[in-house]
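Inside the fold
Listed here are the chains, written in short residue letters.
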Amino acid sequence: MGIKEEQLAALAAELEKCSACPLRNDCRAPVGWYGCPNSPILFIGEGPGGVEDDYGCPLIGPSGQLLDKALWSVQMTRDRVLTTNIIKCRPKGNRTPDLAEADFCAKTWLERELAILQPKVIVALGSVAMHYLGEPDMRITRQRGKWFRSSQGFDCIATFHPSYILRQYGHAQVQAKWDVYHDLQLARAKAAEACPDYNLCSDDPVDLFSIFTKRSV
Ligand code: URA
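Here's a quick rundown of the structure. (Residues numbered from 1 in each chain as written. Predicted model: local features only at pLDDT ≥ 70, side-chain atom pairs only at ≥ 80, totals over all residues. Heavy atoms only, no water.)

Let us look at the overall build of the chain. Summing up its helical and strand segments, the chain has 8 helices and 6 strands in all. Shown N-terminal to C-terminal, the secondary structure of the chain runs as helices and strands in the order α-β-β-α-α-β-α-β-α-α-β-β-α-α. Viewed in the frame of its principal axes, the chain has a C-alpha envelope of about 40 × 40 × 35 Å. With 217 residues in all, the chain has 49% of them scored as buried. Expressed as a percentage of contacts within the chain between residues at least 6 apart in sequence, the contacts between residues at least 24 apart total 75%. When the accessible area of the chain is evaluated, it comes to approximately 10600 Å², of which 51% is carbon and sulfur surface. In the chain, 25 side chains carry a positive charge and 26 a negative one; their mean positions are 4 Å apart. (Helix = DSSP H or I, 4+ residues; strand = E, 2+ residues; numbered from the N terminus. Buried < 20%, exposed > 50% of the residue type's maximum accessible area, 1.4 Å probe, protein only. Contact = heavy atoms within 4.5 Å. Areas by Shrake-Rupley, 256 points an atom, 1.4 Å probe, with all protein chains shown as cover. Lys, Arg positive; Asp, Glu negative; His and termini not counted. Charge placed at Lys NZ, Arg CZ, Asp CG, Glu CD.)

Around the ligand lies a shell formed by Gly45, Glu46, Gly47, Pro48, Gly49, Glu52, Pro58, Leu59, Asn85 and His161. Gly47 places a main-chain nitrogen or oxygen 3.0 Å from a nitrogen atom of the ligand. Side-chain polar atom of Asn85 to a nitrogen atom of the ligand: 2.7 Å apart, as the coordinates give it. Compared with its free state, where it exposes 230 Å², the ligand has 92% of that area covered by protein. (Near = heavy atom within 4 Å. Polar contact = N/O pair within 3.5 Å; in protein donor to acceptor, adjacent residues only side chain to side chain.)

A word on the environment of Thr108. Position of Thr108 among the secondary structure elements: in helix 4 (residues 99–117). Judged by relative accessible area, which is 24%, Thr108 ranks as partly exposed. Sequence separation of Thr108 and Ala29 is 79 residues, and the distance between their C-alpha atoms is 16 Å. A distance of 2.6 Å separates the side chain of Thr108 from the backbone oxygen of Phe104, its partner in a polar contact.

Bringing the sheet that holds strand 4 (residues 121–125) into the picture now. Taken together, the 6 strands give an open sheet; going across it, the order is 1-3-2-4-6-5, and neighbouring strands pair in mixed fashion. A single partner strand is all that each edge strand has here, and the edge strands are strand 1 (34–35) and strand 5 (147–149). Relative to strand 4, strand 2 (residues 41–45) runs parallel, the two being bridged by 4 bridges. The partner of Ile41 across the bridge, within strand 4, is Val121. (Pairing = 2+ DSSP bridges.)

Our next topic: the packing of helix 1 (residues 3–16) against helix 4. As a packed pair, helix 1 and helix 4 sit with axes 10 Å apart at the nearest point and diverge in direction by 170 degrees. Of the possible angle classes, the one that applies to helix 1 and helix 4 is roughly antiparallel. Residue-level contacts link Lys4, Gln7, Leu8, Leu11, Glu14 and Leu15 of helix 1 to Trp109, Arg112, Glu113, Ile116 and Leu117 of helix 4. Its residues placed into classes, the contact of helix 1 with helix 4 shows 6 nonpolar, 1 polar and 4 charged. (Axes fitted to C-alpha atoms, helices over the stretch in contact; angles between N-to-C directions. Parallel < 35°, antiparallel > 145°, perpendicular 65-115°, else oblique. Nonpolar A, V, L, I, M, F, W, Y, C, P; charged D, E, K, R; others polar.)

Below, the discussion takes up the nonpolar core. Judged by nonpolar contacts, the single largest core of 58 residues is most densely connected at Ile41, Phe43, Ile86 and Val123. Per-element tally for this core: the top contributor is helix 4, with 8 residues. Beyond its immediate chain neighbours, meaning those up to four positions away, Ile86 contacts Ile44, Gly45, Glu46, Ala102, Cys105, Ala106, Leu110, Val128, Ala129 and Tyr132. (Core = buried A, V, L, I, M, F, W, Y, C linked by side-chain atoms within 4.5 Å.)

Here we take up the pairing of strand 2. With respect to burial, strand 2 is a largely interior element, 5 of its 5 residues being buried. Burial along strand 2 is two-sided: Ile41, Phe43 and Gly45 and Leu42 and Ile44, pointing in opposite directions, are all buried. Of the pairings in the sheet, the one linking strand 2 to strand 3 (residues 82–85) comprises 4 bridges and is parallel in character. Looking at strand 3, one finds that Gly45 is bridged to Asn85.

To continue, consider the pattern of salt bridges. Summed over all chains, the structure comprises 10 salt bridges. Its salt-bridge partner being Glu14, residue Arg112 comes within 2.9 Å of it at the nearest N-O pair. Residue Arg112 is located in helix 4, and its partner Glu14 is located in helix 1; the two are separated by 98 residues in the primary sequence. Taking relative accessible area as the criterion, Glu14 reaches 39% and is therefore assigned partly exposed. The salt bridge partner of Asp54 is Arg28, with a shortest N-O separation of 2.8 Å. (Salt bridge = Lys/Arg side-chain N within 4 Å of Asp/Glu carboxyl O.)

Structure (structure tokens):
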């Protein structure tokens, strides 16, 4: 195991026992991260939904499946990037976490992930991640596809959250998919520039359901 894997394994063991906020009472268990710790590129979503809570893997449900297709379209696979979330416990009824909940969880866990991972590029999937990394007054429709520097000093780009795309219809959905495609290309290019020898794409897309089984907790 490499040093980052070891540090992340220790962090995962701590995360499993987290009961630092009331969100823990309404979910099966916290959901951590998935992927390659040495990847130059980190994707940050909002928080686990029902399928993620069931399987203990971030972005494995409908949003994750759309993300996987988008990644494949720009030659990236889930095993070669790292995916995580701002909050680790599914809010009851899948509601959007409020700013204070997002802030508390991210300061407790995500900050420690970032300190270990030191990604070259962060892709914020949707407003919750963008607001945590950037400024609370940023608007995803205006900011997506533009580079900004997080307070921790990471190069970040925001794009639409896959669940937003799934809620769109007709032309708006097609347009949003193209926007994400272009944003991901920008992110890929910066990551490849920083780490030209790193392979961002395996031969086949990853089937997360063949890796994760339903949790019994
Ligand atoms: N949406 C997210 O932002 N993250 C997940 O893990 C699942 C859905």
